[in-house]
Amino acid sequence: MVPLSWYILLGVVLFVIGAAGVLLRRNILVVLMSLELLLNSVNINFIAFGHYHGDFRGRIFAIFVIAITAAEVAVALGILVALVRNKSTLKVDDVTMMKG
Amino acid sequence: MGQGFFLLFAAVSVITALTVVLARNPIHSALALMACFLQISAIFVLLGAPLLAVIQIFVYVGAIMVLFLFVIMMIDVREAVLQRFLPGGNLPALVLLGLLGIEMLALVLWSDRFSVSEPVAVSGGDEVRQLGTTLFADYLLPFEVASVILLAALVGAIVLARRESG
């Protein structure tokens, strides 16, 4: 059988790749996709721990994470469409309206 | 056999995740992210959670990625394709990422709590039935809160994406 640490290591690798996308890319669309990657690595950890310790709570929290992610993506893409309509830019560095 | 399948799915998911970050065109990123979600749902099946795998495919691949592709088609991404995709001067972020990765790898590899190799046998009975009972009995309030959050996100997305004075 696959040891638990392999799943945790896969979660670590995917988390670091997603964090790299969030921190290094300047395109808002790719930043949002990298956020999805981060949440999916967390889901892998939840379900792996739940499976190896015989607990259902990991799966339930994974379901909640998926539901909240759907809400987050809907709102984020709505904001993105409004932003592109008003400022016609996709670079996160150009969006400084809330800086004051 | 399980190890081989896990290594295959993990390798493909890591490669597609790297493609998401490194691809120049956002459409290529979206398609690679879809492939990565499919691999992760296969890993959920290996972990004995087929219901979660189906939910993953329905919600992520079926809904969220289609939303992403619609938005990419709505807005003009040609300007984003032409610009430099990885700014070279972002050294603090790279150092931070390296430290984060090394720290997490060291924590996982040095600890002996993650070396469990055999899953605990779950008490008998239907898995989906137990999951539903736990979800709707013990976690009813978070479930309702999640539904309210989804409704608020629905209304908010419509209000945000609507044209002004329309």
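Residues numbered from 1 in each chain as written. Chains lettered and ligands numbered in written order. Predicted model: local features only at pLDDT ≥ 70, side-chain atom pairs only at ≥ 80, totals over all residues. Heavy atoms only, no water.

1. Describing the overall build of chain B
From N to C terminus, chain B includes seven helices and zero strands. Along chain B, helices (α) and strands (β) appear in the sequence α-α-α-α-α-α-α when read from the amino end. Relative to its 166 residues, chain B shows a buried fraction of 32%. Put simply, 55% of the contacts in chain B that link residues at least 6 apart link residues at least 24 apart. On chain B, roughly 10100 Å² of surface is accessible, and the fraction owed to carbon and sulfur atoms is 73%. (Helix = DSSP H or I, 4+ residues; strand = E, 2+ residues; numbered from the N terminus. Buried < 20%, exposed > 50% of the residue type's maximum accessible area, 1.4 Å probe, protein only. Contact = heavy atoms within 4.5 Å. Areas by Shrake-Rupley, 256 points an atom, 1.4 Å probe, with all protein chains shown as cover.)

2. Details of the UniProt feature "transmembrane region" (unreviewed entry) in chain B
Residue and element names in this part refer to chain B. UniProt's feature table lists "transmembrane region" (unreviewed entry) at residues 6-23, 30-51, 57-77, 89-110 and 139-161, given in the numbering used throughout. Helix makes up 94% of residues 6-23 and strand 0%. Its end C-alpha atoms lie 25 Å apart. Taken end to end, residues 139-161 has its terminal C-alpha atoms 33 Å apart, with 96% of it in helix and 0% in strand. (UniProt positions renumbered as here; feature names shortened; annotations may be inferred.)

3. Thoughts on helix 6 (residues 127-137) of chain B
Taken together, the buried positions of helix 6 of chain B are B:Glu127, B:Leu131, B:Thr134 and B:Leu135. Buried residues of helix 6 of chain B fall within an arc of 100° about the axis and therefore sit on the same side. Every exposed residue of helix 6 of chain B that faces more than 90 degrees away from the buried side is listed here: B:Arg129 and B:Ala137. At its buried positions, helix 6 of chain B is contacted by helix 3 (57-87) of chain A together with helix 3 (50-74) and helix 7 (140-161) of chain B. (Arc of directions from axis to C-beta.)

4. A look at the UniProt feature "transmembrane region" (unreviewed entry) in chain A
Residue and element names in this part refer to chain A. With numbering aligned to this structure, UniProt lists the feature "transmembrane region" (unreviewed entry) at residues 6-24, 29-48 and 60-84. Taken end to end, residues 29-48 has its terminal C-alpha atoms 29 Å apart, with 100% of it in helix and 0% in strand. Counting secondary structure, residues 60-84 comes out at 100% helix and 0% strand; the distance between its end C-alpha atoms is 36 Å.

5. Here we look at the packing of helix 2 (residues 28-52) of chain A against helix 3 of chain A
Contact geometry of helix 2 of chain A with helix 3 of chain A gives a least axis separation of 9 Å together with a crossing angle of 175°. The orientation of helix 2 of chain A relative to helix 3 of chain A falls into the category roughly antiparallel. (Axes fitted to C-alpha atoms, helices over the stretch in contact; angles between N-to-C directions. Parallel < 35°, antiparallel > 145°, perpendicular 65-115°, else oblique.)

6. What to know about the packing of aromatic side chains
For the structure on display, the rule yields nine aromatic pairs over all chains. An aromatic cluster of at least three residues, connected via ring pairs, comprises A:Trp6, A:Tyr7, A:Tyr52 and B:Phe6. (Phe/Tyr/Trp six-rings, centres within 6.5 Å; stacked < 30°, edge-to-face > 60°.)

7. Description of the pattern of salt bridges
Side chains that differ in sign of charge can pair as their charged atoms come close. Residue and element names in this part refer to chain A. Overall, the coordinates contain one salt bridge over all chains when judged by the stated rule. For Asp55, the salt bridge identified is with Arg57, shortest N-O distance 2.8 Å. On the accessibility criterion, Asp55 (27% relative accessible area) is partly exposed. Take Arg57: its relative accessible area is 45%, and that puts it in the partly exposed class. (Salt bridge = Lys/Arg side-chain N within 4 Å of Asp/Glu carboxyl O.)

8. A closer look at the interface of chain B and chain A
Between chain B and chain A, the contact holds 81 residues from the first and 68 residues from the second. Here chain B and chain A share an interface that buries about 7000 Å² over both sides, 81% of which is from carbon and sulfur atoms. Joining chain B to chain A, the criterion identifies zero salt bridges. Linking chain B to chain A there are six residue pairs in polar contact (both at pLDDT 80 or more). Contributions of two or more residues to the side of chain B that touches chain A are made by helix 1 (2-22), helix 2 (26-46), helix 3, helix 5 (91-110), helix 6 and helix 7 of chain B. Looking at the side of chain B that touches chain A, the element that brings in the most residues is helix 1 of chain B, giving twelve residues. (Buried area = accessible area lost by both parts, 1.4 Å probe. Polar contact = N/O pair within 3.5 Å; in protein donor to acceptor, adjacent residues only side chain to side chain.)

9. A few points about the packing of helix 1 (residues 4-24) of chain A against helix 2 of chain A
For any two helices packed against each other, the geometry is given by the interaxial angle and the distance between the axes. All names here are of chain A. Where helix 1 contacts helix 2, the two axes come as close as 8 Å, and the packing angle between them is 165°. As far as their axial angle goes, helix 2 and helix 1 are roughly antiparallel. Considering how the two elements wind past one another, helix 1 and helix 2 form a crossing that is left-handed. Contact with helix 1, carried on its side by Leu4, Tyr7, Ile8, Leu10, Gly11, Leu14, Phe15, Ile17, Gly18, Ala19, Gly21 and Val22, involves Val31, Ser34, Leu35, Leu37, Leu38, Ser41, Val42, Ile44, Asn45, Ala48, Phe49 and Tyr52 of helix 2 and no other residues of that element. Classifying every residue of the contact of helix 1 with helix 2 gives 18 nonpolar, six polar and no charged. (Left-handed = near helix turned anticlockwise from the far one by under 90°. Nonpolar A, V, L, I, M, F, W, Y, C, P; charged D, E, K, R; others polar.)

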